[in-house]
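Structure assessment
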Amino acid sequence: MSPSSTATPTSASTNIFENGNYTTTLTKVEQSICNRSNNASSPPRPLLICSPTEEGCFPVLLFLHGYLLSNSFYSQLLQHISSHGFIVVAPQLYTIAGPDTNEEIKATAEITNWLAQELGHLLPPHVEPNLAKLGLAGHSRGGKVAFALALNKSSPASLKFSALIGVDPVDGMDRGKQTPPPVLTYTPHSFNLDGIAVLVIGSGLGEVRRNPFFPPCAPKGVNHEDFYNECCKPAHYFVAKDYGHLDMLDDVTKGLRGKTTYCLCKNGEARGPMRRFVGGILVAFLRAYLEGDSRELVAIREGHDEMIPVELQRVEFQV
């Protein structure tokens, strides 16, 4: 375990679309290392853990990366969320993956079970995880995995999730076809999530081709719209108009994989606004359904929050 970076808010602003008031630390935990100094056993997969450094007991969010992406590509988003008082755990589920997501679902269940025993050993001094307030989020294919785990499509998790977030979720990766195990049923309100609150975030450009050689990154028929249509209340749905499927990633993503994030999907003019929107709406949603404070979420869905950094194409909700 080694601290890799920190993020400190530049002001005391409570604007959820900017960094919050907590200083955060971003820590990489390797799968193969058993840290004997703090009695933590090796996690089922490599992890990034982003946590406030100030003393406190904080809700936890498990965040799953998108198809063939690195968890490190979300560092700025993780720090944004954590700076508002959340512990965010982002596993690296695989390096190379085929169409079948069963192994990713199983790995996420194993990580969830591991959190209950080991997460507290890997946090800064006097920082405690509140696993009674647990959220599950995923981007793109990670969104599918998150929904599949919540729907018990594969291995069940021992902890109970109270909030589920799909960040431009996609149930498939080839020309709008679902990949196994299928999640979407195309029957409205068919998801049996046992009352888990759901947030679905969509990108307006995700279903648009960047060039004629590749399909859209979030094709119609397997994207955010279809996921929301199958949700039961409570559920919220927001679509950012002029931003693409990968616009919530870090401003700079390095390496060969990092370079491909700029050329495979239709993108907006900059990543910053979409990333700040995703971070802010996640914070508002988690505060509403993990902490019982819905003021910010209600203001956003009713159009009263003037700090939103993107234009919203669609806003729908069931409460």
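Residues numbered from 1 in each chain as written. Predicted model: local features only at pLDDT ≥ 70, side-chain atom pairs only at ≥ 80, totals over all residues. Heavy atoms only, no water.

Describing the packing of aromatic side chains
Considering all chains together, one arrives at 8 aromatic pairs under this definition. Between the aromatic rings of Phe17 and Phe277, the centroid separation amounts to 6.3 Å while the plane-to-plane angle is 10°, which identifies the pairing as stacked. Here Phe17 is found in the loop between strand S1 (2-7) and strand S2 (24-29), whereas its partner Phe277 is found in helix H6 (residues 272-290), with 260 residues between them in sequence. Phe17 sits in the buried class, given a relative accessible area of 0%. The exposure class of Phe277 is buried, given its relative accessible area of 0%. Ring centres of Phe285 and Tyr289 lie 5.0 Å apart, and the angle between their planes is 45°; this geometry places the pair in the tilted category. Separated by 4 residues within a single helix, Phe285 and Tyr289 lie in helix H6, roughly one turn from each other. (Phe/Tyr/Trp six-rings, centres within 6.5 Å; stacked < 30°, edge-to-face > 60°. Helix = DSSP H or I, 4+ residues; strand = E, 2+ residues; numbered from the N terminus. Buried < 20%, exposed > 50% of the residue type's maximum accessible area, 1.4 Å probe, protein only.)

Points about the packing of helix H1 (residues 75-82) against H6
The relative placement of two packed helices is expressed as an angle between their axes plus a distance between the axes. Running from N to C, H1 and H6 point in directions that differ by 35°, and their axes come no closer than 9 Å. The handedness of the crossing between H1 and H6 comes out as right-handed. Contacts between H1 and H6 involve Gln76, Leu77, His80 and Ile81 on the former and, on the latter, Arg275, Arg276, Val278, Gly279, Gly280, Leu282, Val283 and Leu286. In terms of residue class, the contact of H1 with H6 is made up of 6 nonpolar, 4 polar and 2 charged. (Axes fitted to C-alpha atoms, helices over the stretch in contact; angles between N-to-C directions. Left-handed = near helix turned anticlockwise from the far one by under 90°. Contact = heavy atoms within 4.5 Å. Nonpolar A, V, L, I, M, F, W, Y, C, P; charged D, E, K, R; others polar.)

Some words on the nonpolar core
Residues Ile49, Ile87, Val89, Phe147, Leu164 and Phe191 are the most contacted members of the largest nonpolar core, which totals 48 residues. In this structure, Ile16, Tyr243, Met274 and Ile308 belong to the second largest nonpolar core, which totals 45 residues. (Core = buried A, V, L, I, M, F, W, Y, C linked by side-chain atoms within 4.5 Å.)

Concerning the side chain of Asp226
Relative to the assigned elements, Asp226 resides in helix H4 (residues 224-229). Here Asp226 sits buried without a salt bridge, and the closest side chain of opposite charge, Lys220, lies 6.9 Å off (N-O distance). When neighbours within four sequence positions are excluded, Asp226 is seen to be in contact with Leu184, Tyr186, Lys220 and Gly221. (Lys, Arg positive; Asp, Glu negative; His and termini not counted. Salt bridge = Lys/Arg side-chain N within 4 Å of Asp/Glu carboxyl O.)

Examining the UniProt feature "active site" (unreviewed entry) in the chain
Under the local residue numbering, the UniProt record ascribes the feature "active site" (unreviewed entry) to Ser140, Asp168 and His245. These annotated residues cover 106 residues of sequence, and their C-alpha atoms lie no more than 7.8 Å from one another, placing them together at a single site. Of note, Asp168 is situated in the loop between strand S7 (163-167) and strand S8 (197-203). Ignoring any residue separated from it by four or fewer positions in sequence, one finds Asp168 in contact with His139, Ser140, Ile201, Gly202, Ser203, Gly206, Ala218, His224 and His245. (UniProt positions renumbered as here; feature names shortened; annotations may be inferred.)

A short note on the environment of Pro216
Here Pro216 lies in the loop between S8 and H4. Separated by 11 residues in the primary sequence, Pro216 and Leu205 have C-alpha atoms spaced 8.7 Å apart. Apart from the residues lying within four places of it in its own chain, the contact partners of Pro216 are Gly206, Glu207, Val208 and Arg209.

Examining the pairing of strand S6 (residues 127-139)
Relative to S6, strand S4 (residues 56-64) runs parallel, the two being bridged by 9 bridges. By the bridge assignment, Leu62 is partnered in S6 with Leu136. Pairing of S6 with S7, which is carried by 5 bridges, proceeds in the parallel orientation. Pairing of Gly138 across the sheet is with Gly166, part of S7. (Pairing = 2+ DSSP bridges.)

Topic: the pairing of strand S3 (residues 47-52)
A large share of S3 lies buried, amounting to 6 of its 6 residues. Judged by which residues are buried, S3 turns out to be covered on both faces: Leu47, Ile49 and Ser51 on one side and Leu48, Cys50 and Pro52 on the other are all buried. Where S2 lies against S3, 6 bridges are found, and the strand directions are antiparallel. Residue pairing for S3: Thr24 is matched across the bridge by Pro52.

Some words on the pattern of salt bridges
All chains considered together, the criterion is met by 12 salt bridges. We note a salt bridge from Arg295 to Asp293, for which the minimum N-O separation is 2.8 Å. By relative accessible area, Asp293 is classed as partly exposed at 24%. Three or more residues joined by partner-sharing salt bridges are found here, namely Lys220, Glu225, Arg314 and Glu316.

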